[in-house]
Amino acid sequence: IASPLPGAEARLTVLMLTLRAARAGIGNVTGQDLGGWLQGDAERVLQELVDVGWLLLPEDVTADDALTSRPEEPTQITVPTLIPTQPRPFFFGKVTRARLSGWAQKVVGDRKLRKKKAGAATRLLAVYTAAHSRPDGCLADVGEGAGLALDEVARFCGVRSDDVAGHVGLLVAAGWLAEEGTDTADGRLRGRLAE
């Protein structure tokens with residue numbers, strides 16, 4: 001999923017909103033969602049995505065209004081590139097979309113990550129590692145041996161390859177990744193998800 005803006009905060013927001021709007025280009029979001037994903041940067045990031053035209057809010061709704069929306073009255077968002085009249089990157093049904101969005105929401109909002117006040121890049125790394133783990137919890141790309149390519153992990157998370165190790169350390173400290181066997185040597189992220 002390509003972000004129109006650099007930085008982990010924008011990438012995380014784009015990922016989560018894309019999953020919300022994947023079927024029809026329209027989805028719902030609450031202030032609790034946005035605040036949970038981005039803590040203090042939510043209004044700025046949301047407004048920047050609106051300013052570059054990646055995201056549309058209803059005519060009478062501001063980014064600040066979206067941040068105060070409640071579950072009983074969520075803000076409807078539109079991602080123009082996902083509207084069915086244009087070529088779409090996703091072709092899955094309603095149930096699959098809801099499951100993917102719910103899964104990502106659970107990862108990003110995991111108690112372990114909230115307790116450690118994990119930032120956007122660390123939360124993106126949690127999503128990436130969960131999505132790229134085998135049934136036994138070990139990290140591996142499809143058809144690859146042990147580990148994940150560090151440059152691909154860095155690109156997904158919106159950080160430099162040299163910075164991935166710091167975020168890995170935060171995930172180990174949070175109990176997301178097992179301490180034993182987790183490393184970023186030789187351009188690969190090796191390890192496994194914690195229990």
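Residues numbered from 1 in each chain as written. Predicted model: local features only at pLDDT ≥ 70, side-chain atom pairs only at ≥ 80, totals over all residues. Heavy atoms only, no water.

Thoughts on the nonpolar core
Our working definition: Here the nonpolar core consists of buried residues drawn from Ala, Val, Leu, Ile, Met, Phe, Trp, Tyr and Cys, with membership extended through side-chain atoms lying within 4.5 Å. Burial status follows relative accessibility: with a 1.4 Å probe on protein chains alone, a residue under 20% of its type maximum counts as buried, one over 50% as exposed, and anything between as partly exposed. Starting at the N terminus, helices and strands are each numbered in turn, a helix being any DSSP run of H or I of at least four residues and a strand any DSSP run of E of at least two. For this analysis, residues touch if any pair of their heavy atoms sits within 4.5 Å.
Within the largest apolar cluster, 53 residues are counted, with the highest numbers of intra-cluster contacts made by Leu 12, Leu 17, Trp 37, Leu 55, Ile 77 and Trp 176. Top element by residues in this core is helix H1 (residues 8-21). It accounts for 9 residues. Filtering out sequence-adjacent residues up to four positions away, Leu 55 remains in contact with Leu 17, Leu 46, Leu 49, Val 50, Ile 77, Thr 78 and Val 79.

Remarks on a positive patch on the surface
For clarity, the threshold we go by: Patches here: salt-bridge-free residues with over 30% relative accessible area, like charges joined within 9 Å, nonpolar side chains (Val, Leu, Ile, Met, Phe, Trp, Tyr) joined within 5 Å. Working definition of accessibility: Shrake-Rupley area with a 1.4 Å probe, residue cover restricted to the visible protein chains. Definition used for salt bridges: Asp or Glu carboxyl oxygen within 4 Å of a side-chain nitrogen of Lys or Arg. Charge assignment in this entry is limited to Lys and Arg as positive and Asp and Glu as negative, and neither His nor the chain termini are counted. Taken as the charge location is NZ of Lys, CZ of Arg, CG of Asp or CD of Glu.
Taken together, Arg 111, Arg 114, Lys 115 and Lys 116 make up a surface patch of like positive charges. Residue position: Arg 114 is located in helix H6 (residues 111-115).

Quick word on the pattern of salt bridges
Applying the stated rule across the entire model yields 7 salt bridges. We note a salt bridge from Asp 41 to Arg 44, for which the minimum N-O separation is 3.5 Å. Owing to a relative accessible area of 28%, Asp 41 belongs among the partly exposed residues under this scheme. Between Arg 70 and Glu 72 there is a salt bridge, with the nearest N and O atoms lying 3.3 Å from each other. With respect to burial, Arg 70 and Glu 72 carry one shared label: exposed. Through salt bridges with shared partners, a single network forms among Asp 41, Arg 44 and Glu 48.

Some details on the environment of Glu 59
Looking at the secondary structure, you find Glu 59 in the loop between helix H3 (42-51) and helix H4 (63-68). Residues Glu 59 and Glu 43, spaced 16 residues apart in sequence, show a C-alpha to C-alpha distance of 17 Å.

Let's talk about a negative patch on the surface
Taken together, Glu 43, Glu 59, Asp 60, Asp 64 and Asp 65 make up a surface patch of like negative charges. One can find Asp 64 in helix H4. You can call Asp 64 partly exposed: its relative accessible area is 38%.

A closer look at the side chain of Thr 182
You can see Thr 182 is positioned in the loop between helix H9 (164-173) and strand S4 (188-189). Among the residues examined, Thr 182 registers a relative accessible area of 17% and is labelled buried. Setting aside its immediate chain neighbours within four residues, Thr 182 contacts Val 168, Val 172, Leu 177, Arg 190, Gly 191 and Arg 192.

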